[in-house]
Amino acid sequence: MLPASAFLGEFGVGCTEREKFMASAVRPPCDVREFVPNTGSNRSMGSKMDVRAEKVRKEFDRFPALHDVSLDIHSGELIALLGPSGSGKTTLLRLIAGLERPTSGRILFGDEDASDKSVQERNIGFVFQHYALFRHMNILENVSFGLKVRPRATRPAAAEIRRRAMELLDLVQLSGLEKRFPSQLSGGQRQRVALARALAIEPRVLLLDEPFGALDAQVRRELRKWLREIHDRTGHTTVFVTHDQEEALELADRLCVMSQGRIEQVGTPDAVYDTPASPFVFGFIGESSRLPVTVENGGVQLAGQKLDLAAPDATGAGQLFFRPHDVELVEGDTALGGAVVASRRVGGTRRLEIELSHSSHRVEIDLPFDHPAAERSRIGFRPRRWRLFPAG
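Report follows, based on the coordinates. The numbering scheme is per chain: residues are counted from 1 as the chain's sequence reads. Totals for whole chains, interfaces and linings use all residues, but because this is a predicted model, local features are given only for residues with pLDDT of at least 70 and pairs of side-chain atoms are given and counted only at 80 or more. With hydrogens and water set aside, each side-chain value is computed from the structure's full complement of heavy atoms.

### Quick notes on the side chain of serine 289
Helical segments are the DSSP runs of H or I of at least four residues, strand segments are the runs of E of at least two, and each set is numbered from the N terminus. With respect to the helices, strands and loops of the structure, serine 289 is situated in strand β11 (residues 289-296). One polar contact links the side chain of serine 289 to the main-chain amide nitrogen of glutamate 364, over a distance of 3.3 Å. When near neighbours in sequence (up to four residues on either side) are disregarded, serine 289 contacts Leu320, Phe321, Phe322, Val363 and Glu364. Two N or O atoms count as a polar contact when they lie within 3.5 Å, although within protein this holds only if one can serve as hydrogen donor and the other as acceptor, and sequence-adjacent residues are included solely when both atoms are side-chain atoms. Contacts were defined at the residue level, with two residues in contact if any of their heavy atoms lie within 4.5 Å.

Structural data, given as structure tokens:
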């Protein structure tokens, strides 16, 4: 039996759900050739697994956190669960992990119903926002932990465990630091150790719960690129929870946008950004402006002003959405326009806030920072790309 000290976490507290993942391996490790070291270029033969949520409902004290959610996660893909706080994304991740049981519905790994299986039986790799490293173990011991605590029948030899841990440290670019302790590493380095430890057990599915949330912006950007490279090399089915749109758009093969316990849209980053399925998705993914409009005889009107926008398939009250960079400057009676009430530099663009002439609404548009129109007191424009949704 392991001593109690083996289950002390980074902050010296008793074993938590996080640490229990480290002992969750239940099958022998793959052959070392299945791992692609840092010099490799192609996806490995690593573990892959389809995951499916079928009409999953989860209630806490009769409050529904998820409403009959169904989602197919493809083998080997990196999918981001994206949404604001309270959207249900972390609850769905915990259901996949086995930390929660669905009130109704099923979680399937491949064709196997895993709804009632434990964390250990699911063989999950989990990376948390706050690392959950063992502070009394050095880096090599942290990475090796999941293999060392396996039952004797499936535990690799000590030399094999060391070789595998060292190979993973090379994969996450921490070679030479194996004797250091977590307190001697930066936040970004600790998160790399946490990922190496999750990969050591060769999990069927890798789950990441806002793993970069505790890091500063520059480190987050660097680790996003690095994590995408690691995923491309190892090929694990990976589910990534975040509320950061930029992270999701840059990292994921597909996005699952959630709101109030429901899935709003699933698709590639390009599809979700360019063709949002709902007002919520348009407003949540990227920056946008929204105007209440009316559609009559196939034409869009704002407060009685006819706009140069055609909507032949719509009628009645609606909501017009467009993005600040998807506009062109125009003049005339059918242009949106008004007084420039604020102007600020945003990277390589100038962001103008405009109070529209025919209504009290304000919108934002982007122009090149040195565009001469940015100095005007009044601007006329038309959205190049826009979406119209029913009012409500």
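### Structural notes on the nonpolar core
Residues belong to one nonpolar core when they are buried, are Ala, Val, Leu, Ile, Met, Phe, Trp, Tyr or Cys, and are joined through side-chain atoms within 4.5 Å. Buried means the residue's accessible area, taken with a 1.4 Å probe over protein chains only, is under 20% of the maximum for its type, while exposed means over 50%, and partly exposed covers the values in between. One finds Val143, Leu195, Leu227, Phe240 and Leu255 to be the most contacted residues of the largest nonpolar core, which totals 42 residues. Looking at this core element by element, the count peaks at 7 residues for helix α6 (residues 187-200). The next biggest cluster of nonpolar side chains, apart from the first, holds 29 residues, and it includes Ala53, Ala114, Leu207 and Met258.

### A look at the side chain of glutamine 319
Looking at the secondary structure, you find glutamine 319 in strand β14 (residues 316-322). In this view, glutamine 319 contacts Pro279, Arg290, Leu291, Val293, Arg387, Leu388, Phe389, Pro390, Ala391 and Gly392; residues no more than four positions away in its chain are not counted.

### Digging into the packing of helix α4 (residues 139-148) against helix α5 (residues 158-171)
α5 packs onto α4 with a crossing angle of 125° between their chain directions and a minimal axis gap of 9 Å. Accordingly, the angle class assigned to the pair α4 and α5 is oblique. Judged by the twist between their axes, the crossing of α4 over α5 is right-handed. Between α4, through Ile139, Leu140, Val143, Ser144, Leu147 and Lys148, and α5, the contact on the second element is made entirely by Ile161, Arg162, Arg164, Ala165, Met166, Leu168 and Leu169. Any residue outside Ala, Val, Leu, Ile, Met, Phe, Trp, Tyr, Cys, Pro, Asp, Glu, Lys and Arg is labelled polar, Gly included; the first ten of those are nonpolar and the last four are charged. Here the residues of the contact of α4 with α5 are counted per class, giving 9 nonpolar, 1 polar and 3 charged. Every angle, taken between N-to-C directions, lies between 0 and 180 degrees, and every axis is a line fitted to C-alpha atoms, over only the stretch in contact when it is a helix. Reported orientations rely on four angle classes, namely roughly parallel under 35 degrees, roughly antiparallel over 145, roughly perpendicular from 65 to 115, and oblique for the rest. By definition, any crossing whose near helix is turned counterclockwise from its far helix by less than a right angle is left-handed, and any crossing with a clockwise turn is right-handed.

### Quick look at the sheet that holds strand β20 (residues 386-390)
By the convention used here, strands pair only if DSSP detects at least 2 bridges between them. The 5 strands are arranged β13-β12-β11-β14-β20 in an open sheet whose pairing can be described as antiparallel. Strand pairing shows two members of the sheet lacking a second neighbour, β13 (305-310) and β20, which therefore form its edges. Sheet twist, expressed as the average angle between the axes of neighbouring strands with direction ignored, equals 40°. Bridging between β11 and strand β12 (residues 299-302) involves 3 bridges; their strand directions are antiparallel. Each bridged residue has a counterpart across the sheet, and for glutamate 296 the counterpart in β12 is glycine 299.

### A word on the environment of tryptophan 386
Structurally, the position occupied by tryptophan 386 is in strand β20. For tryptophan 386, a relative accessible area of 23% puts it in the partly exposed group. In this structure, the C-alpha to C-alpha distance between tryptophan 386 and phenylalanine 321, residues 65 residues apart in sequence, is 5.6 Å.

### Some words on the sheet that holds strand β4 (residues 104-109)
With antiparallel pairing, the 4 strands of this open sheet are ordered in space as β2-β1-β4-β5. Unpaired on one side and paired on the other, β2 (63-73) and β5 (112-113) mark the two borders of the sheet. Bridging between strand β1 (residues 51-60) and β4 involves 5 bridges; their strand directions are antiparallel. By the bridge assignment for β4, valine 51 is matched with phenylalanine 109. Contacts between helix α2 (residues 89-97) and the sheet are confined to β1, β2 and β4, with β2 contributing the most and set at about 65° to the helix.

### Focus on the packing of aromatic side chains
Ring pairs are drawn from Phe, Tyr and Trp, using the six-membered ring of Trp, whenever the two centres fall within 6.5 Å, and their geometry is named by plane angle: stacked under 30 degrees, edge-to-face over 60, tilted for the rest. Enumeration according to the criterion identifies 6 aromatic pairs in this entry. Taken together, a centroid distance of 4.3 Å and an interplanar angle of 15° make the contact between phenylalanine 126 and phenylalanine 128 stacked. Comparing phenylalanine 126 with phenylalanine 128, the two get one shared label, buried. Three or more aromatic residues joined by ring pairs make a cluster, and in this case those are Phe282, Phe321 and Phe389. One cation-aromatic arrangement involves arginine 192 over tryptophan 226; the distance from NZ or CZ to the ring centre is 4.6 Å. A ring has a charge above it when a Lys NZ or an Arg CZ is no more than 6 Å from the ring centre and no more than 35 degrees off the ring normal. Sitting over the ring of tyrosine 273, arginine 323 keeps its end group 4.1 Å from the ring centre.

### Things to note about α4
Three or four residues apart is the spacing at which side chains of an α-helix point the same way, because the helix has 3.6 residues per turn. Within α4, 8 of the 10 residues are buried, which leaves it mostly tucked inside the rest of the structure. Turning to α4, its buried residues number three or more, namely Ile139, Leu140, Asn142, Val143, Ser144, Phe145, Gly146 and Leu147. Of the residues flanking the start of α4, the one acting as N-cap is asparagine 138, its side-chain oxygen 3.2 Å from the backbone nitrogen of leucine 140.

Keep in mind these values describe shape, not function.
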